[in-house]
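Results of the structural survey
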Amino acid sequence: MFELKKGAFVLDELKNVSIRIGRVVEEEEEEWEEAGPTPKPGILELRKWDHTLLERYEPFYAPMQDFCNLCTMGPCDLSMNKKGACGIDLKTQKARLVTIACCVGASAHTAHARHLVDHLIEEYGEDLPIDLGPDVNVEAPVMRTVVGIKPKTLGDLREALSWAEKEIVKVLHSVHIGNEESYIDYESKALHVSMADHVGMEVADIAQIVAYNFPKAEPNTPLVDTGFGIVDRSKPTIVVVGHNVMYARPISDYLEEQGRIDDFEVAGLCCTAHDMTRYNQKAKIFGPIYYQLRVIRAGLADIVVSDEQCIRADLLDACKKAGVPLIATSDAAARGLPDVSDWPVEKIVDALVSGKLPGVFLPVPEKVGQVAPLVAEAVFRKHGGERKYRFFEDDSAFREEIEKCTQCMNCVFTCPHSLRVDQGMAHAQKTGDVSKLAKLEEICIACGKCEQVCPKNIKIINVIMRANYDNLYNKTGKTRVGRGPIQDTEIRKVGQPIVFGQIPGVIAAVGCINYPDEMKSIVEILEEFLKRRYIVVTSGCHAMDIGMIKDEEGRTLYEKYPGNFDAGGLVNVGSCVSNAHISGATIKIANIFAMRPLRGNYAEIADYVLNRVGAVGFSWGPYSHKAASIATGFNRLGVPVVVGPHGTKYRRAYIGKPWKKDRWWVYDIKTRQKVFIEPAPDSLLVAVETKEEAIVQLARLCIRPNDTSAGRQIKLTHYIELHQKYYGDLPDDWHLYVRSEADLPLKQREELLKILEEQYGWKIDWEKKKIVEGPIRHYDAGFNPTIVEEVYEKYTRG
Amino acid sequence: MAVTKEEKYPSPKRFDIADIQVSRESTAVKPKIVANMIKRAKRPLLITGGQLLKDEKLVDFAVKFAEKGIPIAATAGSSRPLIERGVRPISKTYTLHQITQFLQDEEFQGFDGQGNYDTVIFLGFLPYYLSRMLSSLKHFTKITTIAIDEFYQPHAKFSFTNLTKDRELYHSMLEEVLQNL
């Protein structure tokens with residue numbers, strides 16, 4: 001029998017005909033699991049699931065502006081639901097904008113993945129096996145569930161990428177004028193493209209883990225230095241910023257090869273920092289994106305290397321002003337700089353060190369690896385360790401700057417946080433005390449908008465940073481290196497307690513740093529859950545900030561809590577693209593614990609997660625498009641997400657109405673009946689204003705219909721305790737979650753039974769201390785809920 | 001009567017100069033007008049926000065509103081200082097985001113089951129957060145929204161002017177609302 005192999009064939013009998021065989025589908029791969037109903041879904045295949053979700057979790061719109069300016073027919077006033085020249089109404093236009101935002105986010109991760117995979121295949125070959133360690137057999141849960149493939153090699157990842165790229169283009173097409181009429185269908189598309197985002201993230205992180213030998217699901221990864229004060233300023237310092245470690249990694253390789261890694265400081269900003277430490281633990285984490293201006297203006301960098309995403313759009317300008325050369329590396333951010341790919345290394349180094357060029361575009365990783373250290377060393381030698389720019393030359397220059405302020409408040413009215421810079425300046429002018437200005441440093445995101453509107457051209461960022469100089473410069477901490485996926489064995493251990501509710505929840509704190517309050521609030525929120533033995537998972541900028549805040553004994557959360565995926569564990573999965581391991585872990589619970597098939601079986605898995613897995617996403621400081629698509633991807637998977645108050649600027653949320661009793665139902669596979677249930681969880685995306693509100697809402701949204709009595713009792717105990725602690729009273733809705741007396745917190749059982757009788761009219765058998773009448777439904781140990789008709793039919797068949 | 005050129009009140013300058021993309025700006029109003037609108041309302045509701053946790057003065061004013069018989073929906077943990085002062089908010093658990101969603105539903109019967117609210121007053125919010133909620137209510141409901149924070153809120157139907165520079169004036173205006181209720 002003729003066996004098909006990859007490559008070109010010429011058939012002798014047919015002249016001038018050749019056949020190219022691309023991918024050969026192997027029999028073994030076909031048989032790994034029976035294909036489910038939706039492998040490689042298009043826009044329509046999961047539309048029914050979306051519409052079921054959106055009927056319960058109604059989209060909420062909070063327009064940022066009343067107008068649409070996207071085409072040349074307008075601009076159109078869409079206020080009070082007028083229609084635009086194209087016929088679109090405000091809700092649909094907002095849904096369209098959200099879809100665009102999610103497309104941007106999904107493209108960012110997927111393009112990053114494509115860039116990496118193509119590069120790594122060139123470097124390591126397409127047959128490099130996907131090996132994520134001995135405890136990870138379900139290697140790509142998102143890809144298995146969505147795309148329906150089980151990738152074995154680097155080359156196999158291309159199939160998932162091709163699917164994601166196709167879907168992103170299709171969804172982006174739908175936002176063109178004259179397409180979608182229904183905001184619900186736009187939301188379905190936003191959910192679809194965001195699901196593709198999780199595929200893109202998973203591809204990117206798996207590719208870099210296997211090729212760069214990042215930690216493979218190791219719970220106890222090392223702790224690395226974090227913070228502004230981490231670098232030894234007597235060494236040349238290379239600062240890398242962005243999200244794609246492909247360009248920063250050769251710097252570390254070159255220095256190791258030269259035996260000079262200890263002569264330099266290599267520190268990163270944003271997710272590239274995470275991935276540098278995953279590659280080489282001698283690298284350090286300066287901090288998240290909002291440390292860019294701080295680091296550059298402080299004069300800490302001798303060279304900056306940028307790649308892609310979440311980088312200031314004026315990075316070159318900021319570097320120029322500070323006299324720091326810049327190497328831009330990614331085609332996504334060439335920054336107007338000349339392409340010097342063909343130049344010899346010496347010529348590039350000379351151009352940057354002499355200042356002939358303020359920066360270069362160099363998309364060749366190996367050359368970046370050589371150029372960056374040579375430039376850093378030469379620049380360092382030039383200034384002899386005395387860096388040019390440190391907020392102000394001396395104290396008198398600092399004071400003079402403060403004296404310029406007239407308290408016009410233009411800065412306050414342009415600040416995203418409405419920071420009272422005027423009050424800090426006035427206080428400093430009157431008393432010489434800069435403590436009020438110093439306090440602003442912890443909330444300031446150093447965006448620099450204030451400086452542009454200051455009529456006196458005060459360097460406000462520098463004033464704020466200088467006011468908190470000592471604290472800022474001495475800020476150091478420890479962050480646990482990103483571990484990548486969760487082990488199958490860990491899932492096996494916690495799957496049942498999570499599904500039954502004995503582990504009260506999984507809180508996944510991910511995303512950006514636009515906190516409404518001081519940075520330490522993220523630690524305060526998460527420690528409340530760690531102490532209560534929830535599982536806390538984190539990534540990206542949130543993971544970095546956690547590492548910068550120390551308790552009274554000088555310990556960070558990473559030093560106080562273990563890194564395993566278990567009750568009371570604090571798991572750092574890694575960078576933004578590592579978020580796929582969090583969605584992957586929820587999927588693996590359905591697969592490993594409950595034996596639900598994954599292959600092309602998205603709706604069943606998402607339905608399982610929604611009804612059973614008490615996981616809640618949390619983005620205390622959201623802002624990026626990537627964060628929008630990450631959150632929306634979690635939503636499609638049935639995971640609710642709580643965002644901080646800036647999250648309302650996404651303009652859209654998914655908020656259910658607990659008082660609409662007919663919206664809260666499931667099919668119970670056991671009794672074969674449609675059952676009305678408690679509103680759990682009652683929102684899929686909701687913003688909170690304060691840390692107190694964040695804590696209570698996170699605990700509340702962990703409740704799931706499938707909780708056992710023991711699990712519900714534990715979840716209700718935490719929810720009620722936290723509500724009483726932070727809100728001063730019992731929750732308004734606690735009774736909705738009570739199905740029997742066994743659900744009630746043990747310590748308060750009698751008191752709560754009395755309230756149920758007196759305030760809610762429930763009937764109680766006081767002799768037996770049992771609820772006789774009142775709950776929405778009674779608890780049944782065999783309760784088996786689903787909201788997907790096909791799943792119901794599948795499991796009730798026969 | 002709207003606030004116009006009277007010396008006492010600053011012009012309705014926005015707290016965020018970029019929050020200008022509105023087709024219909026809020027009418028800046030004096031305290032007496034706010035009081036009259038609340039008095040005329042059939043179903044008024046005061047919603048309090050998280051800034052009550054940072055500003056004792058705001059708690060004082062919210063307590064006085066409660067004493068005047070205005071029901072309070074407390075959000076973001078603002079129920080705690082109110083309960084400590086003897087006030088029983090009619091809602092404590094739901095976020096402003098959720099309440100805004102509820103208000104937009106014609107079937108919402110209020111937290112007491114007596115019907116939806118026709119006039120909603122907002123006190124003690126982060127300005128950018130409240131701005132989005134007011135925008136939502138402006139477009140998708142007929143509810144009269146009144147912002148009595150220290151910031152001018154362009155998406156509200158009625159709002160105080162921007163009083164961030166002069167908190168004494170702001171407090172005296174809240175006092176004046178209460179005196180006229």
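It should be noted that the structure appears before, not after, this text.
From a predicted model like this one, the values you see are computed outputs, not experimental measurements.

Moving on, we come to the packing of aromatic side chains. Residue and element names in this part refer to chain A. Applying the stated rule across the entire model yields 28 aromatic pairs over all chains. An aromatic cluster of three or more residues is present, and its members are Phe-228, Phe-286, Tyr-290, Tyr-291, Phe-391, Tyr-469 and Tyr-473. Taking the ring centre of Trp-343 as reference, the NZ or CZ of Lys-347 above it sits at 4.2 Å. Positioned above the aromatic ring of Phe-398, the side-chain terminus of Arg-466 is 5.0 Å from the ring centre.

So, about the side chain of Asp607(A). Residues and elements named next belong to chain A. Considering the arrangement of structural elements, one finds Asp-607 in helix H25 (residues 602–612). At 5.2 Å, Arg-612 is the nearest oppositely charged side chain to Asp-607, a buried residue that forms no salt bridge. Apart from the residues lying within four places of it in its own chain, the contact partners of Asp-607 are Trp-49, Pro-785, Thr-786, Ile-787, Val-788 and Val-791.

Our focus in this paragraph is the sheet that holds strand S6 (residues 158–159) of chain B. All names here are of chain B. Pairing is parallel in the open sheet, where six strands are placed in the order S1-S6-S5-S4-S2-S3. Strands with a single pairing partner mark the edges of an open sheet, and in this sheet they are strand S1 (27–28) and strand S3 (72–74). The pairing of strand S4 (residues 119–123) with strand S5 (residues 144–147) spans four bridges and is classified as parallel. Its bridge partner lying in S5, Val-120 is registered against Thr-145.

Before going further, it helps to examine the interface of chain A and chain B. The partner chain B presents 55 residues to the 64 residues of chain A that form the contact. Both sides of the chain A and chain B interface together cover about 4,800 Å² of buried area, and 54% of this is carbon and sulfur. The tally of links from chain A across to chain B stands at eight salt bridges. Measuring nitrogen to oxygen at the nearest pair gives 2.6 Å for the salt bridge that ties Lys657(A) to Asp105(B). Where chain A meets chain B, there are 33 residue pairs in polar contact (both at pLDDT 80 or more).

This brings us to the sheet that holds strand S15 (residues 535–539) of chain A. Residues and elements named next belong to chain A. Pairing within the open sheet is mixed, and its eight strands lie in the order S3-S19-S22-S18-S17-S14-S15-S16. Strands with a single pairing partner mark the edges of an open sheet, and in this sheet they are strand S3 (58–61) and strand S16 (570–574). Recorded for the sheet is a direction-independent mean angle of 25° between the axes of neighbouring strands. Relative to strand S19 (residues 652–655), S3 is paired through four bridges, and the arrangement is antiparallel. Residue pairing across strands places Pro-59 opposite Tyr-654, the latter belonging to S19. Against the sheet, helix H2 (residues 47–56) engages S3, S19 and strand S22 (683–687), with an angle of about 65° to S3.

Take the pattern of salt bridges next. Per the counting criterion, the structure on display carries 76 salt bridges over all chains. In this structure, the salt-bridge partner of Asp77(A) is Lys82(A), at a minimum N-O distance of 3.2 Å. Here Lys82(A) falls in the partly exposed class, since its relative accessible area comes to 38%. Where Lys439(A) meets Glu518(A), a salt bridge forms, and the shortest distance between an N and an O atom there is 3.5 Å. Remark: Glu518(A) occurs in the loop between strand S14 (506–509) and helix H21 (520–531) and Lys439(A) occurs in helix H16 (residues 435–440); sequence separation between them is 79 residues. Residues joined in a network through salt bridges with shared partners are Glu58(A), Lys657(A), Lys660(A), Arg663(A), Asp105(B) and Glu107(B).

A few words now on the nonpolar core. Membership of the largest hydrophobic core comes to 280 residues, with the highest contact counts inside it found for Ile238(A), Phe565(A) and Phe618(A). With 14 residues, the single largest contributor to this core is helix H6 (residues 183–212) of chain A. Apart from residues no more than four positions distant in its own chain, Phe565(A) is found in contact with Arg483(A), Ile486(A), Glu490(A), Ile491(A), Val494(A), Ile498(A), Val506(A), Ile535(A), Val537(A), Val571(A) and Ala585(A). Residues Tyr9(B), Ile148(B), Phe158(B) and Leu169(B) belong to the second largest nonpolar core, which totals 32 residues.

In regular strands, side chains alternate between the two faces of the sheet. All names here are of chain A. When strand S23 (residues 763–765) meets strand S24 (residues 770–773), the two strands line up antiparallel, connected through three bridges. In the strand pairing of S24, Asp-765 is matched with Lys-770. Linkage of S23 to S24, two consecutive antiparallel strands, is achieved through a turn of four residues, within which Lys-769 is found at a positive phi near 50°.

Moving on to the environment of Asp135(A). All names here are of chain A. Within the secondary structure, Asp-135 sits in the loop between helix H3 (90–124) and helix H4 (141–147). Exposure remark for Asp-135: the relative accessible area of 30% places this residue in the partly exposed category. Residues Asp-135 and Ile-251 lie 116 residues apart in sequence; the distance between their C-alpha atoms is 31 Å. Those residues within four positions of Asp-135 in sequence are excluded, and the remaining contacts are Gln-487, Asp-488 and Thr-489.

Right, let's get into the pairing of strand S21 (residues 673–676) of chain A. Residue and element names in this part refer to chain A. As judged from the four bridges shared by strand S20 (residues 665–668) and S21, these two strands associate in the antiparallel manner. Across the sheet, residue Trp-665 finds its bridge partner in S21, namely Phe-676. The hairpin turn running from S20 into S21, its antiparallel successor, is four residues long, and Arg-672 in that turn takes a positive phi close to 55°.

Turning to the packing of helix H27 (residues 691–701) of chain A against helix H28 (residues 709–727) of chain A, a few remarks are in order. Residues and elements named next belong to chain A. Relative to each other, H27 and H28 sit at 165°, their axes nearing to 9 Å. It follows that H27 is roughly antiparallel to H28 by the angle criterion. Viewed along their axes, H27 and H28 form a crossing whose handedness is left-handed. Within the contact between the two elements, H27 uses Glu-692, Glu-693, Ile-695, Val-696, Gln-697, Ala-699 and Arg-700 and H28 uses Tyr-719, Leu-722, His-723, Tyr-726 and Tyr-727. Class assignment for the residues of the contact of H27 with H28 results in seven nonpolar, two polar and three charged.

When the terminal C-alpha atoms of helix H6 (residues 167–179) of chain B are compared, their 18 Å separation across 13 residues agrees well with the 18 Å that a helix rising 1.5 Å per residue should span. The set of residues buried in H6(B) consists of Leu169(B), Tyr170(B), His171(B), Met173(B), Leu174(B), Glu176(B), Val177(B) and Leu178(B).

Residues and elements named next belong to chain A. Where helix H13 (residues 395–403) meets helix H18 (residues 460–467), the closest approach of the two axes is 10 Å, and the angle between their N-to-C directions is 125°. Relative to H18, H13 is oriented oblique. The two elements H13 and H18 cross, and the hand of that crossing is left-handed. In this structure, H13 contributes Asp-395, Phe-398, Glu-401 and Ile-402 to the contact, and H18 contributes Val-463, Arg-466 and Ala-467. Of the residues belonging to the contact of H13 with H18, the class tally is four nonpolar, no polar and three charged.

Rules used in this analysis
Residues numbered from 1 in each chain as written. Chains lettered and ligands numbered in written order. Predicted model: local features only at pLDDT ≥ 70, side-chain atom pairs only at ≥ 80, totals over all residues. Heavy atoms only, no water. Phe/Tyr/Trp six-rings, centres within 6.5 Å; stacked < 30°, edge-to-face > 60°. Lys NZ or Arg CZ within 6 Å of the ring centre and 35° of its normal. Helix = DSSP H or I, 4+ residues; strand = E, 2+ residues; numbered from the N terminus. Buried < 20%, exposed > 50% of the residue type's maximum accessible area, 1.4 Å probe, protein only. Lys, Arg positive; Asp, Glu negative; His and termini not counted. Salt bridge = Lys/Arg side-chain N within 4 Å of Asp/Glu carboxyl O. Contact = heavy atoms within 4.5 Å. Pairing = 2+ DSSP bridges. Buried area = accessible area lost by both parts, 1.4 Å probe. Polar contact = N/O pair within 3.5 Å; in protein donor to acceptor, adjacent residues only side chain to side chain. Axes fitted to C-alpha atoms, helices over the stretch in contact; angles between N-to-C directions. Core = buried A, V, L, I, M, F, W, Y, C linked by side-chain atoms within 4.5 Å. Parallel < 35°, antiparallel > 145°, perpendicular 65-115°, else oblique. Left-handed = near helix turned anticlockwise from the far one by under 90°. Nonpolar A, V, L, I, M, F, W, Y, C, P; charged D, E, K, R; others polar. Expected span 1.5 Å × (residues − 1).

Such coordinate-based values are descriptive only and should not be taken to indicate function.
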